[in-house]
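Topology and contacts: notes
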Amino acid sequence: GGDQGEEPGALGARHVATLAFAMACSGPFGVENCVRTFGATWSLVGFLLTTLIYVLPQIFMTAELSLMVPLNNGGVVSWVERAF
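Quick look at the structure, then. (Residues numbered from 1 in each chain as written. Predicted model: local features only at pLDDT ≥ 70, side-chain atom pairs only at ≥ 80, totals over all residues. Heavy atoms only, no water.)

Across its full length, the protein carries four helices and zero strands. For the protein, the succession of helices and strands along the chain, N to C, is α-α-α-α. Evaluated residue by residue, the protein yields a buried proportion of 14% over its 84 residues. Expressed as a percentage of contacts within the protein between residues at least 6 apart in sequence, the contacts between residues at least 24 apart total 28%. Approximately 6,900 Å² of the protein is accessible, and the part contributed by carbon and sulfur atoms is 68%. (Helix = DSSP H or I, 4+ residues; strand = E, 2+ residues; numbered from the N terminus. Buried < 20%, exposed > 50% of the residue type's maximum accessible area, 1.4 Å probe, protein only. Contact = heavy atoms within 4.5 Å. Areas by Shrake-Rupley, 256 points an atom, 1.4 Å probe, with all protein chains shown as cover.)

Its location among the elements puts Thr51 in helix H3 (residues 40-68). Accessibility expressed as a relative area gives 16% for Thr51, which makes it buried. Leave out the neighbours within four places in its chain, and Thr51 touches Ala20, Ala24 and Leu56.

At a minimum axis distance of 7 Å, the contact between helix H2 (residues 31-38) and H3 shows a crossing angle of 130°. One way to sum up the angle between H2 and H3 is to call them oblique. H3 is crossed by H2, and the crossing has right-handed handedness. Along the contact surface, H2 presents Val31, Cys34, Val35 and Phe38, while H3 presents Ala40, Trp42, Ser43 and Phe47. For the contact of H2 with H3, the class distribution of residues is seven nonpolar, one polar and no charged. (Axes fitted to C-alpha atoms, helices over the stretch in contact; angles between N-to-C directions. Parallel < 35°, antiparallel > 145°, perpendicular 65-115°, else oblique. Left-handed = near helix turned anticlockwise from the far one by under 90°. Nonpolar A, V, L, I, M, F, W, Y, C, P; charged D, E, K, R; others polar.)

In structure tokens:
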């Protein structure tokens, strides 16, 4: 199940927070190297700032684009077909 009071298949705050963490903390530079270099406090501050400045705008843009195209399970392909 999901969070209470949501439509089936809807993303809740917990899901968005998990996606934001994964987008901010994954990739070629791992969390371990950041903590080893800058310490736990500054690493956490950096991850929070990255999430606020970089990840949240991406989430909002993706949500806005997904609401523009009628639900036809095409995803990004639907956006590109509509653009061209």
